[in-house]
Each structure stands twice: as C-alpha cells, then as structure tokens.
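A structural walkthrough
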Amino acid sequence: MTSGRLKVIMIVLNNVENDVRVLKTGKSLVSIGNDVHILGISHDRQQTRIEQKKIEGIRISILPNPRYKLKSARVKSYNWEYLIQGALSSMWPLVESEQPDVLHTHDLNTIRIGAEYVSRLRKQGKRVFWVHDLHEYVRGLDHTDAEIRSNTLNDEEQCIHLPDALLTVSPKLSEYISSDYGML
C-alpha cells in the first residue's frame, strides 16, 4: 500500500456488467482513491481470452467461462464445481501478480475462492484484508438445484468465519447468518 491508496480486487462469477451491487461498491471504492480491479466470468461461449474493459473508471477483467470447456455435464453440481475450480485456477495469476491489500468476494459461489486466495497470499507473507459480501441466504434457496445448494452451504459453513469482514444485502439476512453461525 502506498500513501493510503489500497489495491482492491473484487471477485464475482458473472460478467460484471449487469451486477449493479458489485459495480456500485467498486465505484464507491474508486471515488475515495482506491485502485479497484474486478474479476468476472464471461457468459459468452466463444470467449477464449481475458477481456479487459473499464466501466465507470473501474478496471474489469472478464475471463473465459471454464464451464464451457465441458463437452457435456448433465449433473448441475459438476458444472458448478468445474466453474469454481476453473475460476480458482484462472483468476489466481491476476490476483497473485497484483498482490491486493483487500480481496472482496461476492455471492454464494466465491467464499471458497476467497478463502483459498487469502490463504495463498498470507503464506507468501502478504498482509491482505478479506471482505465477503453475502448476497443470498443459501439455506433459503429452495429454487436452486439441491446438490448445488448442499455444496454451497458446505462451503459457507467451512469458510464463513474466515473473512475479516462480512457484508450482507439486508439487516434480515444479517440476522439469519448471525443466528445460523453463532455470530454476534
């Protein structure tokens, strides 16, 4: 960190452009002088390379979607796991090269990624602060594939106490999470 300016990497497993919450957070961080880089995953099956863009002054890297490398996976949880593992391996070189001061992960599918990256960075001696943004109440997602929900809930249970800070989209979600995991 130099002169109060933080290097922030935000991670979300979507194409970023339509994720108003992530963009608003990134814009707020940029407006107070931080260097923000958002990493996302493409929805374009044809994309084979990292695409760089700027949205409202925020650097954004959209990586090819690792799920599209699968020929066929009828089991949704295989696609899900492939997405998580593919994001872990494809985003790591960007995270490692930037050596962020803050890692900010978003949604139910990035908590394991955040835990892994923070562990790796700290093993390298990097002081990194991790914020995880809970956008959904995983236990209440009754419209999601049961196996994906189970895997996501398992990730949440294993990692929920690891971030330095948790954010939620509402006071009610905060109450549920606090109650479920014994947080004050």
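As shown above, the structure is provided for reference.
Now for a description of the structure that goes with this document. Please read all numbers here as calculations on a predicted model, not as lab measurements.

**Overview of the pattern of salt bridges**
All told, the structure shown has 13 salt bridges when counted by the stated rule. With a closest N to O distance of 3.2 Å, K126 and D101 form a salt bridge. You can see K126 sitting in the loop between α3 (111–123) and β6 (129–134) and its partner D101 sitting in the loop between α2 (76–98) and β5 (102–106), a full 25 residues away along the chain. Pair check on accessibility: K126 and D101 agree, each one buried. Residue D155 pairs with R112 through a salt bridge whose shortest N-O separation is 3.1 Å. With D155 in helix α4 (residues 146–159) and R112 in helix α3, the pair connects residues that are 43 residues apart, well separated along the chain. Taking relative accessible area as the criterion, D155 reaches 10% and is therefore assigned buried. On the basis of relative accessibility, which here comes to 19%, the residue R112 falls in the buried class. Residues participating in the shared-partner salt-bridge network are D35, R59 and E98.

**Details of α2**
For α2, spanning 23 residues, the distance from its first C-alpha to its last is 33 Å, which sits close to the expected 33 Å at 1.5 Å a residue. At M91, α2 shows its largest kink, close to 40°, and the proline P93 lies no more than four residues downstream. Where α2 is concerned, the buried positions are S77, W80, L83, I84, G86, A87, L88, M91, W92, L94, V95 and E98. On its buried side, α2 packs onto β1 (7–11), β2 (35–41), β4 (58–63), α3 and α4. Downstream of α2 by one or two residues, Q99 has phi in the positive range, about 45°.

Parameters and conventions
- Residues numbered from 1 in each chain as written.
- Predicted model: local features only at pLDDT ≥ 70, side-chain atom pairs only at ≥ 80, totals over all residues.
- Heavy atoms only, no water.
- Salt bridge = Lys/Arg side-chain N within 4 Å of Asp/Glu carboxyl O.
- Helix = DSSP H or I, 4+ residues; strand = E, 2+ residues; numbered from the N terminus.
- Buried < 20%, exposed > 50% of the residue type's maximum accessible area, 1.4 Å probe, protein only.
- Expected span 1.5 Å × (residues − 1).
- Bend = angle between axes of the 7 residues up to and from the residue.
- Contact = heavy atoms within 4.5 Å.

None of the figures reported here should be taken as evidence of function without further support.
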